[in-house]
Amino acid sequence: MTDRRRINGPSGGTSAPVYSKYLTKDASTQIERPMRSRAPNVLRKMFLKTGVTPSASGSAYLELEASKSTNTNTPGLASLSTSGLKLTCTVHGPRPLPKSAPFSPHIILSTHVKYAPFATRKRRGYLRDSSERDLGVHLETALRGVIIGDRWPKSGVEVIITILEGEEDQWWGDDRGRGQVTAGEWGMMSVLSGCITVASAAIADAGIDCVDVVSGGVAAVVRGQGKQSTALVLDPVPPEHQEILAAAIVAYLPARDEITDLWVKGDIGNQAVQSSSYEELADNAVQAALGSHRVLVAALKETADMKLGRS
Amino acid sequence: MRLGTIAVREALPPTAAYVTDKEIQEPLWHYYYDVEKSVAYLVSKHTPKLKMAKKENVKVKGNVQGSRNDECSNPFSVKDFFGDMPWLNIPLGRQATFIAPLYPRGGLLGGSPDGVPKMSKLQVLAAARKKKAQEQKSSGSTLVEAPMANLTLDSSKSREPKAGSSSRGFPQRKRKDSNPHEKAPTPVKRESSKAESQDSPMETPPPDQAEPSAFANTMFSTPPKPAQQPDSFFTLPYNATPIANTDPFAGPSPDDVVMAAQSKASGKGGKGPPKTNGEKRAEQIANGVEALKMDDTPRARSKNLDVLAEFEKAETKNAANFVVIGHVDAGKSTLMGRLLYDLKVVDQRTIDRYKREAEKMGKSSFALAWVLDQGSEERARGVTIDIATNKFETAKTAFTILDAPGHRDFIPNMIAGASQADFAVLVIDASTGSFESGLKGQTKEHALLVRSMGVQRIITAINKLDTVSWSQERFDEIRTQISSFLTTAGFLAKNLAFIPCSGLHGDFIARRSTEEAAKWYTGPTLVEELDNSEPVHRALTKPLRLTISDVFRGGIQNPLSISGRIEAGSLQNGDALLIQPASQKCFIKALEIDNAAVDWAVAGQNVVIHLSGIEEQYVKVGDVVSSPASPIRNVKELVCKVLAFEVLVPMSVEVIRGRLSVAGRIVGILGVLDKGTGEVVGGKKKVRVVKPGQLARVKVELERGVPLEAPGRVVLRSGGETVAAGLLE
């Protein structure tokens, strides 16, 4: 579907040009791939806060810190910086369904995930594209199992997530046709994980009954230093890795030990080095989800304190 | 409170006996009447310095506070009290700042429903700070801190900065509260979530939790304060009192109180305050709002009116529809145009315009007819083609004119009009030769048709008498001929009236003639005669029947509308309707009579019905609307008692009822009937032919099922001629 309502810019990327002198000069000014400074089992720090949007029933804001560039000599161009993840989520509802809608004995959950046009290095359109719809479907799957829907017959709730700053799919330095090795769109995994966590916080802020708070976590198998070695990392940042072989994202309910959504992408393959299996990948994603659950709970505690007037 | 005060006083050590009741009550209030805590607080407060209490009193009483907090080491004296009074030369830092009153939290802009929004976060913070200050003081409090702790005791004051920082309407909790340190003499520190978490010991951030980024800070932190000493804030009196926090609508309004007192005084006692106009209007508005809600629903909800009772109550004018019939060019349209013009339904300007246009086309005498003949085709040819309706009112009755076409090609349209009429006006051209040709032509046919359509009363307007110089002989001649013909056609003599008139000049229509030659006529004018018509009986209690005379789009909101005259029964907004022959159910969305929305309509009225819940393809002109409770049935075969105008043999005919017309054939003649008694004549002999003028019972088979039922009147036409007309059986 084409967007006929606005005058859109060129469909290609619109980021500022990066001149080759920054890329090819001596090693001191060479812009390097950001390196993962965390341990493989350490998550990025997360900032989560509810109550961003006053007009919504519930809202939350989540951001993951951007990975710092290792080389301090690099010119401070905005187009060279790598971005973190910034999500804002609003929940509208539960509110009555329109009269025209058929009867529903439980709440009808609708999820919208939209990248802001400026969220990624390559400019996004104003209409949701297939990847955004895909994220929405995944998010709905993750949340549907959490909300106790029977308590709101004939009502609907809308979860709307705007991605203000998206995870990059690869290091921009690779974005010249030479690095297209893997399936790509690895950033989507972290984004979805963030979406799940932030939506969970916003739903809790809206006061919708849930069986548990669901949190998302990502784990990935990345190509290690050696040619054949692979490593398992939690919360991967795609620009930091030369190649991501496979990644898994789970939506996990810690109190019930349930998974409401599981999405594995990529191919570990039947390589000689069977350092990791899909089970291991999923288990590590659950560990990552537990990590984000801690932040989620802290944020919700703060919300509850604010609401109950304690501080 | 009183009991608590006494208890505290008893528990206090004798050294603290000077403590006032007010001072005791304050901690009691803050500790929720916990006597022990209050005592501990008072002891800790009053042991170090006796003067603190006094100073605090001063501060609390006047809500204005100086930026300078110098200690009074002496006992209270007036001089010291006014010591720092600047006497008009107030330094800038001490000038009070007026703050917008604290608006109640409306929550009008939505926001997440706060669980217990009893205390603002600031209040809570103030309480926490107070507690902390107290703890510090009890563990060897310093003199600098003590007054500050006292300052925050007044919980109402702690709300002040909030009023300054808050934007009206948004829930307070969305913002991080203003920095608790702002009230302290320490320089204002930029707040962060870290400072926050330090304040609340229960919240230790987990290791994964990050500081907000610069971007997040713009969203969550308060903007930097204007450089003002918070101490110089001055609240408007009464705004910060706890009353502002309570529900202002909980008690009776001042108006209610006054009204109740008044009603009590005037002895109305228990009846409660009488409703004022304002309240009634408010109720009306509330009702209106409810009615608006109903519009959301797919169909309008019925008000369940007792339509008949409403109709009795309404006392509308008598409504009457009459059809104007006559031979082509008898002057029907002109006569009606003159009638409308003389009754000022049409203004002079319009007539002048028509005259000009008609002259341009070389048909100046048609100008009046154009009032009713609106179509370009009709104007160009100078004949009426389709039924034109118009309305006028006399003192007694509201009339609807149905101007029927006189041309024989448009007889079906004329039948459609006649089927809606209560009585008929037969227009006869009195000019030489025209009357005779007309009598042979449509004058007769029309008269027979309207009779067979059930019209009882007929007013004969003998037109164009000015062309025969108002000859009384001519009038009498025509009158004799027509009355004899009409009597044979079945009209009663008392239901006949004859009026000489001139449509072109307007004599004897709305006014009496000015012509000398017309002095002989002393009877009523046409309008007077119309007024004499008796109110028609309406079949109100019968099941609903309405033949659709037009289907159209009644506007954007009403995609499908029909119009027609209710033949029987009544209807109201929201009623379910059954449209036959499509057998589709639909609902009345809205009703209109004479372009005005109404709630109900009864038989005899011409209504516009806006439908909902039906597709356009199921609604056609000529369809019959009935109520689903007593639906009209689609029939494919009908038996009717008809008066033959032509020879009737088993042949294909067109059955016309109002706008409905369907092809069929006469499959059998069941018998010829006696006109007087209605008995079958000729015994059991099989009849093959019905001669003109005979009454016969025939069986007609129709091509498709159409909604027809027993007391209905049908016209059978064949080859462009009316062959028979009669009653369904």
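So, how was this worked out
- Residues numbered from 1 in each chain as written.
- Chains lettered and ligands numbered in written order.
- Predicted model: local features only at pLDDT ≥ 70, side-chain atom pairs only at ≥ 80, totals over all residues.
- UniProt positions renumbered as here; feature names shortened; annotations may be inferred.
- Helix = DSSP H or I, 4+ residues; strand = E, 2+ residues; numbered from the N terminus.
- Buried ≥ 20, exposed ≤ 12 C-beta atoms within 10 Å, placed from the backbone.
- Contact = placed C-beta atoms within 7 Å.
- Pairing = 2+ DSSP bridges.
- Right-handed = clockwise from strand over helix to strand, strands pointing away.
- pLDDT = per-residue confidence, 0-100.
- Axes fitted to C-alpha atoms, helices over the stretch in contact; angles between N-to-C directions.
- Left-handed = near helix turned anticlockwise from the far one by under 90°.
- Nonpolar A, V, L, I, M, F, W, Y, C, P; charged D, E, K, R; others polar.
- Core = buried A, V, L, I, M, F, W, Y, C linked by C-beta atoms within 7 Å.
- Domains from an automatic or database assignment.
- Parallel < 35°, antiparallel > 145°, perpendicular 65-115°, else oblique.

- Under an unreviewed UniProt entry, chain B has the name Elongation factor 1 alpha-like protein and belongs to Hyaloscypha bicolor E.
- The UniProt entry for chain B carries the following comment under Subcellular location (unreviewed entry): "Cytoplasm".
- Taken directly from UniProt, the Sequence similarities (unreviewed entry) text for chain B runs: "Belongs to the TRAFAC class translation factor GTPase superfamily. Classic translation factor GTPase family. EF-Tu/EF-1A subfamily."

- The name an unreviewed UniProt entry assigns to chain A is Exoribonuclease phosphorolytic domain-containing protein, from the organism Hyaloscypha bicolor E.
- Here chain A is described in UniProt, under the heading Sequence similarities (unreviewed entry), as follows: "Belongs to the RNase PH family."

1. Section: the overall build of chain B
Here is step 1: Scanning chain B for helices and strands turns up 22 helices and 24 strands.
Here is step 2: Out of the 729 residues in chain B, the part that is buried amounts to 35%.
Here is step 3: A separation threshold of at least 6 residues defines the contact pool for chain B, and within that pool the share at least 24 residues apart is 71%.

2. Structural notes on the overall build of chain A
Here is step 1: Along the backbone of chain A there are four helices and nine strands.
Here is step 2: Ordered by position in the sequence, the α and β elements of chain A form the string α-β-β-β-β-α-β-α-β-β-β-β-α.
Here is step 3: Counting across all 311 residues of chain A, residues that qualify as buried make up 45%.
Here is step 4: Put simply, 74% of the contacts in chain A that link residues at least 6 apart link residues at least 24 apart.

3. With respect to the pairing of strand β8 (residues 496-500) of chain B
Regular strands place side chains that alternate from one sheet face to the opposite one.
Residues and elements named next belong to chain B.
Here is step 1: Of all five residues in β8, four are buried; the element is thus mostly enclosed.
Here is step 2: Where strand β7 (residues 457-463) lies against β8, five bridges are found, and the strand directions are parallel. Along β8, the bridge assignment pairs Ile-458 with Leu-496.
Here is step 3: The parallel pair β7 and β8 is bridged by helix α21 (residues 472-489), and the resulting crossover is right-handed.

4. Quick notes on the confidence of the model for chain B
Residue and element names in this part refer to chain B.
Here is step 1: Confidence in the prediction of chain B, expressed as mean pLDDT, is 72, and 72% of residues score 70 or more.
Here is step 2: Confidence drops under pLDDT 50 across residues 110-117; counting only partners more than four residues distant or on other chains, this segment forms 22 contacts.
Here is step 3: The complex prediction reports pTM at 0.41, with the ipTM value standing at 0.73.

5. Some points on the packing of helix α20 (residues 442-452) of chain B against α21 of chain B
Residue and element names in this part refer to chain B.
Here is step 1: For the pair α20 and α21, the least separation of the axes is 10 Å and the interaxial angle reads 35°. In this structure, the crossing between α20 and α21 has a hand that is right-handed. Of the residues in α21, those in contact with Lys-444, Ala-447, Leu-448 and Arg-451 of α20 are Phe-485, Leu-486 and Ala-489.
Here is step 2: In the contact of α20 with α21, the residues fall into five nonpolar, no polar and two charged.

6. Points about the sheet that holds strand β5 (residues 397-403) of chain B
All names here are of chain B.
Here is step 1: If you trace the six strands from one edge of the open sheet to the other, you get β4-β5-β3-β6-β7-β8, paired in mixed fashion. Looking at which strands have only one partner, the edges of the open sheet turn out to be β4 (388-393) and β8. Averaged over all adjacent pairs, the angle separating strand axes in this sheet is 25°, with direction ignored.
Here is step 2: Of the strand pairs in this sheet, strand β3 (residues 318-326) and β5 are connected by seven bridges, and their pairing is parallel.

7. Concerning the nonpolar core
Here is step 1: In terms of nonpolar packing, the biggest core is built from 99 residues, with Phe-322, Val-323, Val-324, Ala-418, Ala-424 and Ile-462 of chain B touching the most fellow members.
Here is step 2: The two domains that each donate at least three residues to this core are domain 3 (314-532) and domain 5 (634-728) of chain B.
Here is step 3: Each residue touching Phe-322 of chain B, except ones within four places of it in the same chain, is listed here: Phe-399, Ile-401, Leu-402, Ala-421, Asp-422, Phe-423, Ala-424 and Val-425 of chain B.
Here is step 4: Among the nonpolar cores identified, the runner-up in size contains 75 residues, and Leu-87, Ala-142, Ile-203 and Val-286 of chain A belong to it.

8. Considering the packing of helix α2 (residues 21-30) of chain B against helix α3 (residues 35-46) of chain B
Residues and elements named next belong to chain B.
Here is step 1: At a minimum axis distance of 9 Å, the contact between α2 and α3 shows a crossing angle of 130°. If you check the angle between α2 and α3, you find them oblique. α3 is crossed by α2, and the crossing has right-handed handedness. Residue-level contacts link Ile-24, Pro-27 and Leu-28 of α2 to Ser-38, Tyr-41 and Leu-42 of α3.
Here is step 2: Residues of the contact of α2 with α3, tallied by class, amount to five nonpolar, one polar and no charged.

9. Quick notes on the environment of Glu-378 of chain B
Here is step 1: Assignment of secondary structure puts Glu-378 of chain B in helix α17 (residues 376-381).
Here is step 2: Placed 27 residues apart in sequence, Glu-378 of chain B and Pro-405 of chain B show a C-alpha to C-alpha distance of 10.0 Å.

10. Some details on the sheet that holds strand β7 (residues 230-234) of chain A
Pairing between the strands of a sheet comes from backbone hydrogen bonds, and it takes one of two forms, parallel or antiparallel.
Residue and element names in this part refer to chain A.
Here is step 1: Across the sheet, which stays open at both edges, the four strands sit in the order β7-β6-β8-β9 with antiparallel pairing between neighbours. Strands with a single pairing partner mark the edges of an open sheet, and in this sheet they are β7 and β9 (258-266). For this sheet, the mean angle separating the axes of adjacent strands, direction not counted, is 15°.
Here is step 2: The pairing of strand β8 (residues 244-253) with β9 spans eight bridges and is antiparallel. Each bridged residue has a counterpart across the sheet, and for Tyr-252 the counterpart in β9 is Ile-259.
Here is step 3: The sheet contacts of helix α3 (residues 187-206) involve β6 (215-223), β8 and β9, and relative to β6 the element is tilted by about 165°.
Here is step 4: Helix α4 (residues 278-308) rests against β6, β7, β8 and β9 of the sheet, and its axis sits at about 135° to β6.

11. A few points about the pairing of strand β18 (residues 634-644) of chain B
Residues and elements named next belong to chain B.
Here is step 1: Strand direction decides the pairing type here: β18 and strand β22 (residues 695-707), joined by nine bridges, are antiparallel. Within β22, the residue paired with Cys-640 across the bridge is Val-698.
Here is step 2: In this sheet, strand β24 (residues 721-728) lies alongside β18 in antiparallel orientation, the contact comprising five bridges. Residue Val-642 lies in a different strand from β24, and its bridge partner there is Gly-726.

12. With respect to the environment of Ala-101 of chain A
Residues and elements named next belong to chain A.
Here is step 1: With respect to the secondary-structure elements, Ala-101 resides in the loop between β3 (85-96) and β4 (108-115).
Here is step 2: Taking the number of C-beta atoms within 10 Å as the measure of exposure, Ala-101 has 12 and is therefore exposed.
Here is step 3: Between the C-alpha atom of Ala-101 and that of Lys-154, which follows or precedes it by 53 residues, the distance is 8.7 Å.

13. Things to note about unusual backbone geometry
Excluding glycine, most residues fall at negative phi; most peptide bonds, likewise, are trans.
Here is step 1: Between Gly-93 of chain A and the following residue, Pro-94 of chain A, the backbone shows a cis peptide bond with an omega angle of 5°.
Here is step 2: With respect to the element layout, Pro-94 of chain A can be found in strand β3.
Here is step 3: Going from Gln-580 of chain B to Pro-581 of chain B, the amide bond is cis rather than trans, its omega being 5°.
Here is step 4: The topology assignment puts Pro-581 of chain B in the loop between β12 (576-580) and β13 (584-593).
Here is step 5: The phi dihedral of Lys-154 of chain A is positive, around 60°, even though this residue is not glycine.

14. What about the confidence of the model for chain A?
Residue and element names in this part refer to chain A.
Here is step 1: With 78% of its residues at a pLDDT of 70 or more, chain A shows a mean pLDDT of 82.
Here is step 2: Least confident of the elements in chain A is helix α1 (residues 21-24), whose mean pLDDT is 60; most confident is β4, at 94.
Here is step 3: Within the model, the stretch residues 178-182 combines pLDDT values under 50 with six contacts to residues more than four positions away or in other chains.

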